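# Architecture and fold: a report
Next come the chains, spelled out residue by residue.
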Amino acid sequence: MPPVQPSVPALHLGVARSLACALLLLGSFGATAARIDEFTFDDRVQVAGSELVLNGMGLRSVAWLKGFAAALYLREKTAAPASALAQSGPKRLQMKMILDVETREFIKAYDKSLSRNHTDAERTALAGRAAQFNRNLEQIGKLAKGDVVNLDFIPGRGLVLSINGTPRGRPVEGDDLYGSLLKVFIGERPVDPKLKAGLLGGAPG
């Protein structure tokens with residue numbers, strides 16, 4: 001007896017179900033990652049037991065050269081720098097390196113931001129801890145293309161630097177210290193205005 005062939009409506013139903021499953025899978029992938037250039041960033045991450053959401057992302061560029069892609073994670077999305085800085089709880093600034101970069105370049109950017117975005121009194125209060133963070137960067141020496149750098153704020157510990165998932169250097173305490181770091185990226189006078197706009201949810205620069 002020849003095999004029973006499925007009816008045309010049955011075939012259409014099977015195709016429809018397969019298409020629906022494919023669309024569902026595509027939708028689920030789109031909901032879990034965001035893309036900029038050749039890099040993807042998770043929509044949500046876990047830091048110190050808290051779920052953080054992707055606030056925005058952008059590219060750090062000088063002329064035609066792209067240095068790194070970056071993403072800012074907060075507990076609640078915001079387009080306002082002051083709100084991002086004031087939010088309590090864990091935070092994460094993640095960078096994915098596009099070029100090899102000496103860490104002294106980050107130290108220069110941080111020191112410049114301290115002078116441009118803080119008062120004399122604020123710089124005095126931060127001086128010792130800022131120096132410790134710079135020492136953590138000095139000990140690394142160089143970041144390589146493809147490295148993933150997390151700059152996390154963890155309540156009770158402070159600023160925790162990790163590279164490719166491995167903590168580097170000592171945590172540096174103080175939410176004011178972490179705020180001083182974020183001002184490099186989203187302060188009144190940031191290192192890159194286009195990157196700032198992207199991290200605050202605008203069009204990635």
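Everything that follows concerns the structure shown earlier in this document.
Let me begin by describing the structure that accompanies this report. (Residues numbered from 1 in each chain as written. Predicted model: local features only at pLDDT ≥ 70, side-chain atom pairs only at ≥ 80, totals over all residues. Heavy atoms only, no water.)

Attention shifts here to the overall build of the protein. Regarding its fold elements, the protein presents six helices and eleven strands. Once local pairs closer than 6 in sequence are excluded, the contacts in the protein between residues at least 24 apart make up 56%. About 11,300 Å² of surface is accessible on the protein, with carbon and sulfur atoms providing 58% of the total. (Helix = DSSP H or I, 4+ residues; strand = E, 2+ residues; numbered from the N terminus. Contact = heavy atoms within 4.5 Å. Areas by Shrake-Rupley, 256 points an atom, 1.4 Å probe, with all protein chains shown as cover.)

Our focus in this paragraph is unusual backbone geometry. Residues other than glycine seldom take positive phi values, yet Ala 48 does so here, at roughly 55°. Relative to the elements of secondary structure, Ala 48 occurs in the loop between strand E3 (44–47) and strand E4 (50–62). Here the phi dihedral of Asn 164 falls at roughly 50°; this positive angle occurs in a residue that is not glycine. By the secondary structure assignment, Asn 164 is in the loop between strand E10 (158–163) and strand E11 (166–167). A relative accessible area of 48% places Asn 164 in the partly exposed class. (Buried < 20%, exposed > 50% of the residue type's maximum accessible area, 1.4 Å probe, protein only.)

Positionally, Ala 70 belongs in strand E5 (residues 65–74). The spatial distance from the C-alpha of Ala 70 to the C-alpha of Leu 59 is 6.2 Å, given a sequence separation of eleven residues. Residues within four places of Ala 70 in sequence aside, it is in contact with Phe 41, Gly 56, Met 57, Gly 58, Gln 94, Met 95, Leu 195 and Leu 199.

Moving on: the packing of helix H4 (residues 120–140) against helix H5 (residues 175–186). For the pair H4 and H5, interaxial distance at closest approach is 10 Å and the crossing angle is 65°. Our pair here, H4 against H5, has a crossing hand that is right-handed. Of H5, the residues touching H4 (which contributes Leu 126, Arg 129, Ala 130 and Phe 133) are Asp 176, Leu 177, Ser 180 and Leu 181. Considering only residue class, the contact of H4 with H5 consists of five nonpolar, one polar and two charged. (Axes fitted to C-alpha atoms, helices over the stretch in contact; angles between N-to-C directions. Left-handed = near helix turned anticlockwise from the far one by under 90°. Nonpolar A, V, L, I, M, F, W, Y, C, P; charged D, E, K, R; others polar.)

Once that is clear, we can look at the pairing of E10. Counting buried residues in E10 gives six out of six residues, a clear majority hidden from the surface. Strand direction decides the pairing type here: strand E9 (residues 148–154) and E10, joined by six bridges, are antiparallel. Bridge pairing in E10 places Asn 150 opposite Ser 162. Joining the antiparallel neighbours E9 and E10 is a turn of three residues, in which Gly 156 adopts a positive phi near 90°. Sheet topology note: the E10/E11 ladder contains two bridges and is antiparallel. (Pairing = 2+ DSSP bridges.)

Next up on the list: the packing of helix H3 (residues 103–117) against H4. Their axes nearest at 9 Å, the elements H3 and H4 cross at an angle of 170°. Judged by the angle between their axes, H3 and H4 are roughly antiparallel. Only Glu 122, Arg 123, Leu 126, Ala 130, Phe 133, Asn 134, Leu 137, Glu 138 and Ile 140 of H4 make contact with H3, whose side of the interface consists of Thr 103, Phe 106, Ile 107, Tyr 110, Asp 111, Leu 114, Ser 115 and Asn 117. (Parallel < 35°, antiparallel > 145°, perpendicular 65-115°, else oblique.)

A separate point is the packing of aromatic side chains. Inspection of every chain in the model, using the stated rule, returns three aromatic pairs. For the ring pair Phe 68 and Phe 106, a centre distance of 5.8 Å and an interplane angle of 35° mean the geometry is tilted. Here Phe 68 is found in strand E5, whereas its partner Phe 106 is found in helix H3, with 38 residues between them in sequence. Given a relative accessible area of 7%, Phe 68 falls into the buried group. (Phe/Tyr/Trp six-rings, centres within 6.5 Å; stacked < 30°, edge-to-face > 60°.)

Relative to the assigned elements, Asn 134 resides in helix H4. Apart from the residues lying within four places of it in its own chain, the contact partners of Asn 134 are Ile 107, Tyr 110 and Asp 111.

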